[in-house]
Amino acid sequence: MRGRILLVDDNPNDLELALVAFEKSPRAPEVTVARSGQEALKLLGAGDDSLPDVVLLDLNMPQMDGLAVLDAIRAQPNLSDLPVVILSTSREERDIRASYQRGASAYVVKPVEFEQFLSTLSATSEFWTRLNRHPQRGGGTGR
């Protein structure tokens with residue numbers, strides 16, 4: 001079974017690079033793209049059976065930034081334990097600290113160099129969709 005990722009990013013270039021990276025991954029995950037925080041929350045509200053294994057969330061988005069999206073996810077009981085990984089260009093300590101304080105599962109800095117970007121996303125995908133285990137949702141068989 002392929003892992004499922006919700007990729008939330010408003011930058012078309014970053015989205016394209018990420019999708020290429022996932023395609024080149026040894027075990028390419030099923031990736032759903034949300035181009036805004038509002039779109040991500042709408043997709044996550046569709047129901048437990050359609051939830052991804054992990055949300056990869058950009059911090060810097062217009063209208064609703066990544067921290068606001070993270071707050072909204074953590075405020076919903078059915079999403080409170082959903083893994084959310086911040087995937088950002090920011091190396092700022094205040095961004096890292098704020099992300100963890102709001103319940104981020106991890107914080108990954110997007111590498112600038114393409115090959116490093118590929119390997120970072122591949123490793124992130126492999127961990128969260130294959131190696132990590134989290135609680136079963138809705139009495140299902142778990143992932």
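Residues numbered from 1 in each chain as written. Predicted model: local features only at pLDDT ≥ 70, side-chain atom pairs only at ≥ 80, totals over all residues. Heavy atoms only, no water.

**Notes on the overall build of the protein chain**
Now for step 1: A tally of helices and strands in the protein chain yields 5 helices and 5 strands.
Now for step 2: Ordered by position in the sequence, the α and β elements of the protein chain form the string β-α-β-α-β-α-β-α-β-α.
Now for step 3: Taking 143 residues into account, the globule formula puts the C-alpha radius of gyration at 15 Å, and the protein chain, at 14 Å, falls close to it.
Now for step 4: The burial tally for the protein chain puts 48% of its 143 residues in the buried class.
Now for step 5: Long-range pairs, those at least 24 residues apart, make up 66% of the contacts in the protein chain with a sequence separation of at least 6.
Now for step 6: Distance between charge centres in the protein chain, computed from 16 positive and 20 negative side chains, equals 5 Å. (Helix = DSSP H or I, 4+ residues; strand = E, 2+ residues; numbered from the N terminus. Rg over C-alpha atoms; globule rule 2.2 N^0.38 Å. Buried < 20%, exposed > 50% of the residue type's maximum accessible area, 1.4 Å probe, protein only. Contact = heavy atoms within 4.5 Å. Lys, Arg positive; Asp, Glu negative; His and termini not counted. Charge placed at Lys NZ, Arg CZ, Asp CG, Glu CD.)

**Re the sheet that holds strand β2 (residues 30-34)**
Now for step 1: The parallel open sheet is built from 5 strands, whose spatial order is β2-β1-β3-β4-β5. Looking at strand neighbours, the two that pair on one side only are β2 and β5 (106-109), the edges of this open sheet. Here the average twist between neighbouring strands, direction ignored, is 20°.
Now for step 2: By the bridge criterion, 3 bridges tie strand β3 (residues 54-57) to strand β4 (residues 84-88) in an arrangement that is parallel. Within β4, the position partnered with L56 by the bridge is V85.
Now for step 3: Across the sheet, helix α3 (residues 66-75) lies against β3 and β4, angled at about 175° from β4, the strand it touches most. (Pairing = 2+ DSSP bridges. Axes fitted to C-alpha atoms, helices over the stretch in contact; angles between N-to-C directions.)

**Topic: helix α2 (residues 37-44)**
Now for step 1: Taken together, the buried positions of α2 are G37, A40, L41 and L44. On an axial view of α2, the arc spanned by its buried residues comes to 95°, and they lie on one face. (Arc of directions from axis to C-beta.)

**A few points about the nonpolar core**
Now for step 1: Counting residues in each nonpolar core, the largest one holds 23 residues, and the members touching the most others are V8, L44, V55 and L57.
Now for step 2: Every element with two or more residues in this core is listed here: β1 (4-8), α2, β3, α3 and β4.
Now for step 3: Excluding its chain neighbours within four sequence positions, the residues that come into contact with V55 are L6, V8, L44, L82, P83, V84 and V85.
Now for step 4: If you look at the next biggest cluster of nonpolar residues, it comprises 17 residues, including A106, F117, L118 and W128. (Core = buried A, V, L, I, M, F, W, Y, C linked by side-chain atoms within 4.5 Å.)

**Structural notes on α3**
Now for step 1: Among the residues of α3, those classed as buried are G66, L67, V69, L70, I73 and R74. Along the axis of α3, the buried positions cluster into a sector of 155°, meaning they face one direction only.
Now for step 2: Next to the buried residues of α3 lie α2, β3, β4 and α4 (93-101).
Now for step 3: In this structure D65 caps α3, since a side-chain oxygen of it lies 3.2 Å from the backbone nitrogen of L67. (Polar contact = N/O pair within 3.5 Å; in protein donor to acceptor, adjacent residues only side chain to side chain.)

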